[in-house]
Amino acid sequence: MSEPRTARQIRDDVAAGRSSATEACEAALERIAHIDPSLNAFQTVAAERALDRARTLDRDHAALASLPLAGVPIALKDNLCTRGLTTTAGSRILDGYRPPYDATVVSRLERAGAVIVGKTRCDEFAMGSSTENCAYGPVKNPWALDRIPGGSSGGSAAAVAATMVPVALGSDTGGSVRQPAALCGVTGLKPTWGRVSRYGLIAFASSLDQIGPIARTVEDAALVLQAIAGPDPCDATAALAPVADYAAALEPAKGLRGRTIAVPRRLLEEGLDAGVRQAFDDAVEALKARGAKIIDVELPHNRHAIAIYYLIATAEASSNLARYDGVRYGVRAPLDPGDTLIAMYGRTREAGFGPEVKRRIMLGTYVLSAGYYDAYYLKAQQVRTLIRQDFERALASADVVALPTSPTPAFRSGERTADPLKMYLADVFTVSAPLAGLPAISIPCGFADGLPVGLQFVGRPFDEATIFGVAHAYERDTDWWKARPPVSG
Ligand code: GLN
């Protein structure tokens, strides 16, 4: 297969009339047909719908030429609502569910000229770090088929890494865009909470959830964020803050000179895989060599981040998932004669939810219960504030905080499924940005045991532009992002 184009290249080619939206769409569908049988990244491939849309776009070339994502094929995590196109969030309880409306991000992408080619597999309700909690089967890592692609947006990350699509959307509550991006060797951004509308994102933990782009280059991630960011009358929590010009933030001249990057060295002393540590240290050296000022910083409350995250996220999930009762959406357990409504709810939920989702509903209900609320939920909210304040202090003297994205490279399939706590520890470096509401990116920075390692930058609220600028400068000076996994086009 020919060298896959980035979203930017497709857009430029389409705008200049060198190729068409239909050609780009056909190429993506061919790659999916050829590559996905080995990876299982796609839950639904919407071939006819995508081709119809691409042909419609091509009919009015003058209009298409001015669109920022003209003809760009894109995949969406299957927890983003698409009108008339099944949206399962990886759960049996939403088997066959066809939303009556599009998520705001979906209509914005389409308005920008993108073509949605399909929906990608994810952990059930985005709960997981390996995509093994998907009720429709696990996704494989294109770098090593016996490894997990990370989660919960594992399908989106694998689809981009294997060059089936140039860009995809994921959602990130505690790391679900950044961690799979890191483990698959691509770029993933979690925007500031409120930067992107959550209307039509199937809710997991509403105070943490954000939708973000996964791409092979920082520039492509910036292009996609530009199209989806901004206020939305359908989501009162979508911030009114003006959206920056992200392309301007990538000007090569900006580079790393004059940037200050904070490194929380003490956090890295424990539990970090030696290969990841080496790649991270080398990346920090490279940033320094290119003119960035590196400072040491303390994030003293980060050691509580996993505990706090799993209290808050489960509490919010138990409340958000109460709506799945078999009445309004998806699957309903058959009614027995003389059944009460409660018995029907119970049987629907028993059959419809997988074990991890049940575990989280139970944990969340427990931490919110009258006798334990103060001890768990309230306490967690207080510590959450301390975590945010740690970052505020660090970011008062630095442009970004640098961290590894994941403490280990991709682990083996099945290795952690029996030990939820071990699975939760995969999020040790990613949960604090969403707890603090801050934007963060993961970009490729090397390899450990032949598997990709991610470098994370956390930035100030609504300052995605600085994150993109720093990440782009590093990316342009290194070759890590160019590496292609063995399973790719
Ligand atoms: N792995 C984390 C969890 O299971 C994060 C998931 C996410 O960001 N959606 O909660």
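Remember, it's a predicted structure, so these values are computed and weren't measured experimentally.

Criteria and thresholds
- Residues numbered from 1 in each chain as written.
- Predicted model: local features only at pLDDT ≥ 70, side-chain atom pairs only at ≥ 80, totals over all residues.
- Heavy atoms only, no water.
- Helix = DSSP H or I, 4+ residues; strand = E, 2+ residues; numbered from the N terminus.
- Expected span 1.5 Å × (residues − 1).
- Buried < 20%, exposed > 50% of the residue type's maximum accessible area, 1.4 Å probe, protein only.
- Contact = heavy atoms within 4.5 Å.
- Near = heavy atom within 4 Å.
- Polar contact = N/O pair within 3.5 Å; in protein donor to acceptor, adjacent residues only side chain to side chain.
- Areas by Shrake-Rupley, 256 points an atom, 1.4 Å probe, with all protein chains shown as cover.
- 1 Å grid on protein atoms, 1.4 Å probe; cavity = no way out; pocket = protein on both sides within 12 Å on 5 of 7 lines; lining within 4 Å.
- Sits in = over half its atoms within 2 Å of the grid points.
- Nonpolar A, V, L, I, M, F, W, Y, C, P; charged D, E, K, R; others polar.
- Salt bridge = Lys/Arg side-chain N within 4 Å of Asp/Glu carboxyl O.
- Points joined across faces, edges and corners; volume = space filled by probe spheres on them.
- Axes fitted to C-alpha atoms, helices over the stretch in contact; angles between N-to-C directions.
- Parallel < 35°, antiparallel > 145°, perpendicular 65-115°, else oblique.
- Pairing = 2+ DSSP bridges.

A. Region of interest: helix 13 (residues 374-396). Between its first and last C-alpha, helix 13 extends 32 Å over 23 residues, near the 33 Å set by a 1.5 Å rise per residue. Those residues of helix 13 that sit buried are Tyr-377, Ala-380, Val-383, Arg-384, Ile-387, Asp-390, Phe-391, Ala-394 and Leu-395. The secondary structure elements touched by the buried residues of helix 13 are helix 10 (305-320), helix 12 (355-368), strand 9 (400-404), helix 15 (432-436) and strand 11 (451-459).

B. Examining unusual backbone geometry more closely. Cis geometry is adopted by the peptide bond preceding Ser-152, which originates at Gly-151 and carries an omega value of 10°. Mapped onto the secondary structure, Ser-152 falls in the loop between strand 3 (115-120) and helix 6 (154-161).

C. Representation of the site of the ligand within the structure. Around the ligand, 15 residues are found, and the nearest of them are Thr-173, Gly-174, Ser-176, Tyr-309 and Arg-360. Between the ligand and Ser-176 there is a distance of 2.7 Å, counted from an oxygen atom to a side-chain nitrogen or oxygen. Contact with the protein chains hides 100% of the accessible area of the ligand, taken as 290 Å² for the molecule alone. With respect to the pocket detection grid, the ligand is positioned in the largest cavity. Tallied by class, the residues present in the shell around the ligand amount to five nonpolar, seven polar and three charged.

D. Structural detail: the pattern of salt bridges. Under the definition given, this model contains 24 salt bridges. Arg-11 is the partner of Asp-12 in a salt bridge, and the nearest nitrogen-oxygen pair spans 3.1 Å. For Asp-12, a relative accessible area of 25% corresponds to the partly exposed category. Put simply, Arg-359 and Glu-356 hold a salt bridge, and the shortest N to O gap is 2.8 Å. Pair noted here: Arg-359 and Glu-356 are both in helix 12, with a separation of three residues, about one helical turn. In this structure Arg-359 comes out as partly exposed when scored by relative accessible area, which is 31%. Assessed through its relative accessible area of 10%, Glu-356 is described here as buried. By sharing partners, the salt bridges in this structure join Arg-8, Arg-11, Asp-12 and Glu-219 into a single network.

E. Region of the structure containing the layout of surface pockets. For the largest pocket, the calculated volume is near 560 Å³. In terms of lining, the largest pocket is formed by 21 residues, of which the most central are Leu-267, Glu-270, Arg-303, Val-428 and Phe-429. Looking at the lining of the largest pocket residue by residue, the class counts come to eleven nonpolar, three polar and seven charged.

F. A look at the side chain of Thr-348. When you line up the elements, Thr-348 lands in helix 11 (residues 341-352). In contact with Thr-348, not counting residues within four places along its chain, are Ile-93, Asp-325, Gly-326, Val-331, Arg-332 and Ala-333.

G. Main features of empty space enclosed by the protein. Summed over all chains, the structure comprises four cavities of 30 Å³ or more. Approximately 80 Å³ is the volume attributed to the largest cavity. Gly-128, Gly-174, Ser-176, Tyr-309 and Asp-427 are the residues nearest the centre of the largest cavity, which is lined by 14 residues in total. Here the lining of the largest cavity is composed, by residue class, of five nonpolar, seven polar and two charged. The calculated volume of the second largest cavity comes to roughly 50 Å³. Taken together, Trp-143, Ala-161, Cys-184, Gly-185, Val-186, Arg-216, Pro-444, Trp-481, Ala-483, Arg-484 and Pro-485 make up the full set of residues lining the second largest cavity. Here the residues of the lining of the second largest cavity sort into eight nonpolar, one polar and two charged.

H. Structural context of the packing of helix 1 (residues 7-15) against helix 8 (residues 218-228). Orientation of helix 1 relative to helix 8, taken along the N-to-C sense of each, is 65°, at an axis distance of 8 Å. Classified by the angle their axes make, helix 1 and helix 8 are roughly perpendicular. When helix 1 is examined against helix 8, the residues Ala-7, Arg-8 and Arg-11 are found in contact with a partner set consisting of Glu-219, Asp-220 and Leu-223. For the contact of helix 1 with helix 8, a count of residues per class yields two nonpolar, no polar and four charged.

I. How the structure looks around the pairing of strand 5 (residues 187-190). Along strand 5, one buried face is formed by Thr-187 and Leu-189 and the opposite face, lined by Gly-188 and Lys-190, is buried too. Pairing between strand 5 and strand 6 (residues 210-215): two bridges, direction antiparallel. Opposite Thr-187, over in strand 6, you have Ala-215 as the bridge partner. As paired strands, strand 5 and strand 10 (residues 440-448) are joined by three bridges and run antiparallel to one another. For Lys-190, the partnering residue across the bridge sits in strand 10 and is Ala-440.

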